[in-house]
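Observations on chain architecture
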Amino acid sequence: MNHSHLTGLIAAPFTPMNPDGTVNPSLISSYYQLLKQNGVKGAFACGSTGEGASLTMDEKKAIAEAWGACAANDDDFALIMFLGGNCIPESIELAQHARDCRFDSVSYTSPFYYKPSNISLLVDTCEQVAAATPEMPFYYYHIPVLTGVNFPMKKLLELVHNRIPNFAGIKYTYEDFMDFLSCIHFAGGKYDMLWGRDESMLSALATGVKGFVGSTYNYMAPLYHQLMEASGRNELSVARELQQASIDLIGLLGKYGGMGTGKAYMKLIGLNCGEFRLPVGNMTDTQFAAFEQEAKSLGFEQYASKLNQ
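Only a predicted model underlies this, so the values are computations on that prediction, with no experimental measurement involved.

Rules used in this analysis
Residues numbered from 1 in each chain as written. Predicted model: local features only at pLDDT ≥ 70, side-chain atom pairs only at ≥ 80, totals over all residues. Heavy atoms only, no water. Core = buried A, V, L, I, M, F, W, Y, C linked by side-chain atoms within 4.5 Å. Buried < 20%, exposed > 50% of the residue type's maximum accessible area, 1.4 Å probe, protein only. Helix = DSSP H or I, 4+ residues; strand = E, 2+ residues; numbered from the N terminus. Contact = heavy atoms within 4.5 Å. Salt bridge = Lys/Arg side-chain N within 4 Å of Asp/Glu carboxyl O. Axes fitted to C-alpha atoms, helices over the stretch in contact; angles between N-to-C directions. Parallel < 35°, antiparallel > 145°, perpendicular 65-115°, else oblique. Left-handed = near helix turned anticlockwise from the far one by under 90°. Nonpolar A, V, L, I, M, F, W, Y, C, P; charged D, E, K, R; others polar.

1. Let's talk about the nonpolar core
Considering soluble globular proteins, one finds that nonpolar side chains tend to be buried as a cluster. Within the largest apolar cluster, 95 residues are counted, with the highest numbers of intra-cluster contacts made by Trp 67, Met 81, Phe 103, Leu 156 and Phe 167. Here this core gets seven residues from one element, more than from any other, and that element is helix H10 (residues 236–255). Setting aside residues no more than four positions away along its own chain, Met 81 makes contact with Ala 45, Cys 46, Lys 60, Ala 64, Leu 94, Ala 98, Phe 103, Ser 105, Val 106 and Ser 107. Counting residues in each nonpolar core, the second largest holds twelve residues, with Leu 6, Phe 82, Tyr 139 and Tyr 141 among its members.

In structure tokens, the structure reads:
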């Protein structure tokens, strides 16, 4: 299968929630407009940022339907559905639903409860899921900090090469640049390597990567456009300053509770996606007020994505 490599920013969108904790697919139309207006090239739905592991199958299907209704006819916007990892039949069911919703591709991570004991078992698992929708490009999602599974991705490519016809590439959310660069060069650059660490985009740009998937592209895409442009002009001092601004703003995620803070940033740009489900924590009103002031002091407003209703 020939598959063009993705380029630019691909957002890992939050799953909008109502105040009672139910999913709110009706907000996705505005969400899609936000991403389009800020030059984002696609959405990686129901991933880590999108709380995919905390959603029911029906909820994930509803989210897929909402994104498909907005973007399935937009040739300039890529839709990638994250399938999960622990339950193969459910991953297959969701892949087939994403196909019916006219998603462009699917992504799958390693099972993280019953972990594969060797990379061959991981490849067997990927092969079974990928075969269910052979017409759709299939991406492996490498995120060992959450799965606890950390095989070299160069070895994964060696094993899937000429075995899984629709294997398109890897969403690589890890810091092993030696392995990452080896994957980029494997088979003459056949496989699409998507970088998944927003706070080290500049380092990834040095490897030649063109496609990026991340959560902070939801709410501060202009910063990363500026960073990529500065890097392209070889204005490295400017690019380094912009990357530091990214690091400083991402640092607030950890300071105010971790992943759930990302949805607080969405509130600051005028798209309230609600809160995260347990066990992810959310800020109190007092914490949010302090977070808002600290984000302002770090210049978030100058880098924030804008939504024109």
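Here the narrative resumes.
2. Some thoughts on the pattern of salt bridges
A complete count under the given rule lists 13 salt bridges for this structure. Here Glu 51 makes a salt bridge to Lys 263, at a shortest N to O gap of 2.9 Å. Of the two residues, Glu 51 is situated in the loop between strand E2 (42–45) and helix H2 (57–71) and Lys 263 in helix H11 (residues 261–268); the sequence distance between them amounts to 212 residues. Glu 158 is paired through a salt bridge with Lys 154; the nearest N and O atoms lie 3.4 Å apart. Residue Glu 158 and its partner Lys 154 are located together in helix H6 (residues 153–160), separated by four residues, close to a single helical turn. For Glu 158, a relative accessible area of 36% translates into the label partly exposed. For Lys 154, a relative accessible area of 28% corresponds to the partly exposed category.

3. Digging into the packing of H11 against helix H12 (residues 285–297)
Between H11 and H12, the least distance of the axes is 11 Å, while the angle of their chain directions is 70°. Here H11 is positioned roughly perpendicular relative to H12, judged by the angle of their axes. With respect to the hand of their crossing, H11 and H12 are arranged in right-handed fashion. Residues Thr 261, Ala 264, Tyr 265, Lys 267 and Leu 268 of H11 touch H12, and the partners they reach there are Phe 288, Phe 291, Glu 292 and Ala 295. Per-class residue counts for the contact of H11 with H12 are six nonpolar, one polar and two charged.

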